[in-house]
Amino acid sequence: IFLGVGLYRRKEKRTRGKGKSKSPGFVHENRIIRGEVPEKHLISEHGLYYKVHLLDKHDTGFYPDMELARKWVIENVEGKKVCNFFSYTCGFGLAAKKGKCISVDNVDSSRTALQSGRENYRANNIEVISREFSNFTMKEYCRQFTKRSRTLEKQNEKKSSRENTGEAPKLKQQKKFDIVIIDPSPPTKPEETSEIYQRLEYYALNFKYALPILENEGLVLLSLHCKDLPNEVFKNHFCSFQEKKVELV
């Protein structure tokens, strides 16, 4: 709603899939009800500015329902290293910067979304550092650090075994994060949505990817698009991970 400017209505309906894939689709029923609506403009939340595109059929560039999660990030990341997966237009990245994190890596498979994230940084006078924007899937990003970790372990073993002049060898360390944010899109494939357990596996897989790059006392902020998922089912499933001490709050 734009007071004194215009009123815009967005409506999205999921449809049943057709053909062999049976993948669901969407029907968009968007229209301007009154006045005019700017194609691109800035909105503000917690002192940050975000570029939005209300007239875009698919991506407005902003999800208001994650406001409390962004607020939590602002309040809890000071002095921490953050990794923001499925970063989209880097809303969590902006929140982390406002919260005075040490660093934040924004990771997304869409170059267009990352470019929008850079524009959001500039809209808030935040320096755009190229290494903080990574065009990878979560799996690709985490795998490169897993491989690097194995290589470093071998290098460190060799250094430790060498005779030295009394000085301790300088061992390289794998890149790890204090807070990992995982905010994936809802599953759309029929095999991922038919049963609660299968949907849970979709999110659990992303959770597993994050564990090798998470500090021992690190936190994971995981967004689930499963409003019908019982809390006990969720807790029992995720507490089964033994790689690290996992505490659910």
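That block above? That's the structure.
Residues numbered from 1 in each chain as written. Predicted model: local features only at pLDDT ≥ 70, side-chain atom pairs only at ≥ 80, totals over all residues. Heavy atoms only, no water.

Examining the overall build of the protein
Inference 1: Summing up its helical and strand segments, the protein has 7 helices and 11 strands in all.
Inference 2: Total accessible area on the protein stands at roughly 16100 Å², and carbon and sulfur atoms take up 48% of it. (Helix = DSSP H or I, 4+ residues; strand = E, 2+ residues; numbered from the N terminus. Areas by Shrake-Rupley, 256 points an atom, 1.4 Å probe, with all protein chains shown as cover.)

Focus on unusual backbone geometry
Outside of glycine, negative phi angles account for most residues, and trans bonds account for most peptide bonds.
Inference 1: Look at Phe86: it is not a glycine, yet its phi comes out positive at around 55°.
Inference 2: By the secondary structure assignment, Phe86 is in the loop between strand S7 (81-85) and helix H2 (91-98).
Inference 3: Residue classification places Phe86 among the partly exposed residues on the basis of a relative accessible area of 26%.
Inference 4: One non-glycine residue with positive phi stands out, namely Asn125, at about 55°. (Buried < 20%, exposed > 50% of the residue type's maximum accessible area, 1.4 Å probe, protein only.)

A short note on the sheet that holds strand S8 (residues 103-107)
Picture the strands of a sheet paired through backbone hydrogen bonds; they go either parallel or antiparallel.
Inference 1: The parallel open sheet is built from 5 strands, whose spatial order is S9-S8-S7-S10-S11. Both edges of this open sheet fall to strand S9 (133-134) and strand S11 (214-222), since each of them pairs with a single strand only.
Inference 2: Note: S8 against S9, 2 bridges, orientation parallel. Across the sheet, Val107 pairs through a bridge with Ser134, a residue of S9.
Inference 3: Against the sheet, H2 touches S7, S8, strand S10 (177-182) and S11, its axis set at about 180° to S8. (Pairing = 2+ DSSP bridges. Contact = heavy atoms within 4.5 Å. Axes fitted to C-alpha atoms, helices over the stretch in contact; angles between N-to-C directions.)

Observations concerning the packing of aromatic side chains
Inference 1: Taken as a whole and judged by the stated rule, the model has 6 aromatic pairs.
Inference 2: Centre to centre, the rings of Tyr50 and Phe62 are 4.8 Å apart; their planes meet at 50°, and the pair counts as tilted. Taken together, the residues Tyr50 in strand S6 (residues 48-52) and Phe62 in the loop between S6 and helix H1 (67-76) connect sequence positions 12 residues apart.
Inference 3: Put simply, the rings of Phe85, Phe136 and Tyr141 touch in pairs and so form one group of aromatic residues.
Inference 4: Its guanidinium or amino end placed over the ring of Tyr50, Arg70 lies 5.9 Å from that ring's centre, counting from NZ or CZ. (Phe/Tyr/Trp six-rings, centres within 6.5 Å; stacked < 30°, edge-to-face > 60°. Lys NZ or Arg CZ within 6 Å of the ring centre and 35° of its normal.)

A short note on the environment of Phe92
Inference 1: Looking at the element boundaries, Phe92 is found in helix H2.
Inference 2: Judged by its relative accessible area of 6%, Phe92 is buried.
Inference 3: In the structure, Phe92 is positioned 12 residues away from Val104 in sequence and 9.1 Å away in space, judged by C-alpha atoms.
Inference 4: In this structure Phe92 touches Met66, Ala69, Arg70, Val73, Asn84, Ile181, Asp183 and Leu221, once residues within four positions along its chain are discounted.

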